[in-house]
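# A closer look at the structure
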Amino acid sequence: AKEAGKNSYRFYLAEMNETVIQKLVMEEWLNKALEYEEFVLYYQPQVDIFTNRMNGMEALLRWNHPRLGLIPPGEFIPLAEETGLIIPIGEWVLRTACKQNKAWQDAGHPPLKMAVNISPIQFHRSEFVNVVLDALDESGLAPEYLELEITEGIAMYHVDQVIHKLQTLRNLGVQISMDDFGTGYSSLTYLKRFPIHKLKIAQQFVRDITVDPDDAAIVQAIMAMAHSLKLNVIAEGVETEEQLAFLLDIRCKEIQGYIYSKPIPAQEFMKLLERMPA
Ligand code: C2E
Ligand code: CA
Ligand code: CA
């Protein structure tokens with residue numbers, strides 16, 4: 001009877017939509033991932049290309065699953081957002097990134113800005129400002145060394161509340177940047193009203209910047225707009241010398257991309273810091 005039960009269970013599994021099962025299993029694993037300390041942050045330098053110095057780094061989340069290995073965020077963040085798990089996970093990311101940045105500063109490295117990705121779901125919560133304050137308090141990191149990367153998607157609802165929250169964070173001294181700029185919808189309408197410091201030019205425009213005149217024009221338009229709105233700009237996904245030369249030419253000061261370094265674990269990142277001119 002036991003055997004039969006097992007077989008019918010297997011039969012049932014086979015009949016079910018495979019993706020539904022995968023999702024349930026993933027959700028179960030994701031639920032435990034914080035408790036089992038399976039998350040890890042990688043760090044990627046943000047570099048001033050005129051001085052060749054590092055200005056800061058972006059913290060990028062990975063899930064180190066004991067059986068599946070290192071899982072990139074694109075494969076579990078959507079599920080984390082759907083299930084609400086992004087709330088505790090996002091808090092962990094903030095706290096860990098702040099602590100790590102403070103530890104590097106305490107080790108005597110020149111202070112740099114730590115950029116942290118914030119999901120719209122996380123941002124919209126009424127506790128969000130307090131979560132940020134707690135991460136700063138707990139780590140002892142000064143607010144100007146924390147940068148929050150938000151996306152245009154946060155402007156979909158409650159725009160006035162969003163602006164108010166951004167203003168509160170800005171008044172606290174926290175930096176705000178708009179990630180993947182140009183890929184969302186609301187960009188131009190809200191940009192002027194959003195109290196942000198920096199635009200991140202999305203990788204999709206940088207990729208073909210030297211071969212596609214449309215992409216080159218878009219990036220130049222973003223540069224001009226940022227200049228008149230007095231916003232800083234960073235180009236992400238820079239991989240080649242040609243892209244770098246183009247960006248230098250249009251006076252885009254800051255870049256992030258494989259040309260300088262891939263995202264790397266804290267241990268490796270520290271070696272970069274040690275090699276960096278003081
Ligand atoms: P993003 O914020 O746009 O991050 C940049 C992505 O581009 C990263 O992918 C990075 O590894 C990759 N990248 C950087 N330089 C280059 C380059 O030169 N060439 C190419 N081809 N790729 C480059 P990653 O780490 O897989 O992250 C993917 C996305 O997952 C992020 O996109 C972000 O939206 C999300 N994410 C990552 N960490 C977190 C997190 O802690 N919280 C939340 N809510 N989202 C996160
Ligand atoms: Ca980002
Ligand atoms: Ca981005």
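Above this text sits the structure in question.
Residues numbered from 1 in each chain as written. Chains lettered and ligands numbered in written order. Predicted model: local features only at pLDDT ≥ 70, side-chain atom pairs only at ≥ 80, totals over all residues. Heavy atoms only, no water.

### Side note on the overall build of the protein
Just so we agree on the cut-off: Where helices and strands are cited, they refer to DSSP runs of H or I of at least four residues and of E of at least two residues respectively, numbered from the N terminus. A radius of gyration in this sense is built from C-alpha atoms; the matching globule rule multiplies 2.2 Å by the number of residues raised to 0.38. Any residue under 20% of the maximum accessible area for its type is buried, any over 50% is exposed, and the rest in between are partly exposed; the area is computed with a 1.4 Å probe on protein chains only. Contacts between residues were defined by any pair of non-hydrogen atoms, one from each residue, lying within 4.5 Å. Using the Shrake-Rupley algorithm and a 1.4 Å probe, accessible areas are obtained, with residue cover drawn only from the displayed protein chains. We treat Lys and Arg as the positive residues and Asp and Glu as the negative residues; His and chain ends play no part in the count. We put the charge of a Lys on NZ, of an Arg on CZ, of an Asp on CG and of a Glu on CD.
When you go through the protein residue by residue, the secondary structure sums to 12 helices and 10 strands. A compact globule built from 278 residues should have a C-alpha radius of gyration of about 19 Å, and the protein, at 21 Å, falls within 12% of that. In terms of overall dimensions, the protein has a C-alpha envelope of 75 × 45 × 40 Å along the principal axes. The 278 residues of the protein split such that 45% are buried. Considering only residue pairs separated by 6 or more positions, the protein has 70% of its internal contacts joining residues 24 or more positions apart. A total of about 14,700 Å² of accessible surface is found on the protein, and carbon and sulfur atoms cover 51% of it. For the protein, the centre of its 26 positive side-chain charges and the centre of its 38 negative side-chain charges are spaced 3 Å apart.

### Concerning the coordination of the calcium ion (ligand 3)
Just so we agree on the cut-off: Any N, O or S atom lying within 2.8 Å of the metal counts as a donor, and for Na, K and Ca the limit rises to 3.2 Å; water is left out, so some sites can look incomplete.
Within the protein, the calcium ion (ligand 3) binds to Asp179 (OD), Asp180 (OD), Glu236 (OE) and Glu236 (OE); these donor distances fall in the range 2.0 to 2.8 Å. Look at where the donors of the calcium ion (ligand 3) fall in the sequence and you get D-D-x55-E. Between the calcium ion (ligand 3) and the calcium ion (ligand 2), both coordinated by Asp179, there is a metal-metal distance of 4.0 Å. Here Asp179 is found in strand S6 (residues 175-181), whereas its partner Glu236 is found in strand S8 (residues 232-236), with 57 residues between them in sequence. An identical accessibility class is assigned to Asp179 and Glu236; each is buried.

### Considering the site of ligand 1
Just so we agree on the cut-off: A molecule or strand has a residue near it when one of that residue's heavy atoms lies within 4 Å. Pairs of N or O atoms are called polar contacts if they sit within 3.5 Å, as long as, within protein, a hydrogen donor faces a hydrogen acceptor (for residues adjacent in sequence, only side-chain-to-side-chain pairs). Lining residues are defined by having an atom within 4 Å of a point belonging to a cavity or pocket. Those points lie on a 1 Å grid over the protein atoms alone, cavities being sets where a 1.4 Å probe fits but cannot get out and pockets being open sets with protein on both sides within 12 Å along at least five of seven lines. In this description, a molecule resides in a pocket or cavity if more than half of its atoms sit within 2 Å of the grid points defining it. Here the term charged refers only to Asp, Glu, Lys and Arg, the term nonpolar to Ala, Val, Leu, Ile, Met, Phe, Trp, Tyr, Cys and Pro, and the term polar to all other amino acids, Gly among them.
Residues in contact with ligand 1 amount to 20 residues; listed here are only the nearest, Gln44, Arg62, Asp179, Glu239 and Tyr258. Between ligand 1 and the protein, one listed contact pairs an oxygen atom with a side-chain N or O atom of Arg62 at 2.8 Å. Between ligand 1 and the protein, one listed contact pairs a nitrogen atom with a side-chain N or O atom of Gln203 at 3.1 Å. Here ligand 1 is seated within the largest pocket. Within the shell around ligand 1, the residues separate by chemical class into 8 nonpolar, 6 polar and 6 charged.

### Some words on empty space enclosed by the protein
The condition is simple: Grid points are joined across faces, edges and corners, and a volume is the space filled by probe spheres set on the points.
According to the stated counting rule, one finds 3 cavities of 30 Å³ or more in the structure shown. Counted as a void, the largest cavity has a volume near 70 Å³. What lines the largest cavity is simply Ile87, Glu91, Gln122, Arg125, Glu127, Phe128 and Val131. Mapped onto the lining of the largest cavity, the elements with two or more residues apiece are helix H4 (86-106) and helix H6 (128-139). In terms of residue class, the lining of the largest cavity is made up of 3 nonpolar, 1 polar and 3 charged.

### Re the pattern of salt bridges
Going by this rule: Think of a salt bridge as a Lys or Arg side-chain nitrogen and an Asp or Glu carboxyl oxygen that are within 4 Å of each other.
Going through the model one piece at a time under the given rule, you end up with 14 salt bridges. The closest approach of N and O atoms between Glu82 and Lys23, which form a salt bridge, is 2.7 Å. In this pair, Glu82 sits in helix H3 (residues 77-83) while Lys23 sits in helix H2 (residues 18-33), placing the two residues 59 residues apart along the sequence. For Lys23, a relative accessible area of 39% translates into the label partly exposed. Note that Lys198 and Glu147 form a salt bridge whose closest N and O atoms lie 3.5 Å from each other. With Lys198 in strand S7 (residues 198-201) and Glu147 in strand S5 (residues 146-151), the pair connects residues that are 51 residues apart, well separated along the chain. In this structure Lys198 comes out as buried when scored by relative accessible area, which is 2%. Three or more residues are tied together by salt bridges with common partners; here these are Glu58, Glu149, Lys200 and Glu236.

### Considering the coordination of the calcium ion (ligand 2)
Coordination of the calcium ion (ligand 2) by the protein involves Glu58 (OE), Asn117 (OD1), Glu149 (OE) and Asp179 (OD), with metal-donor separations of 2.1 to 2.3 Å. Mapping the donors of the calcium ion (ligand 2) onto the primary sequence gives the spacing E-x58-N-x31-E-x29-D.

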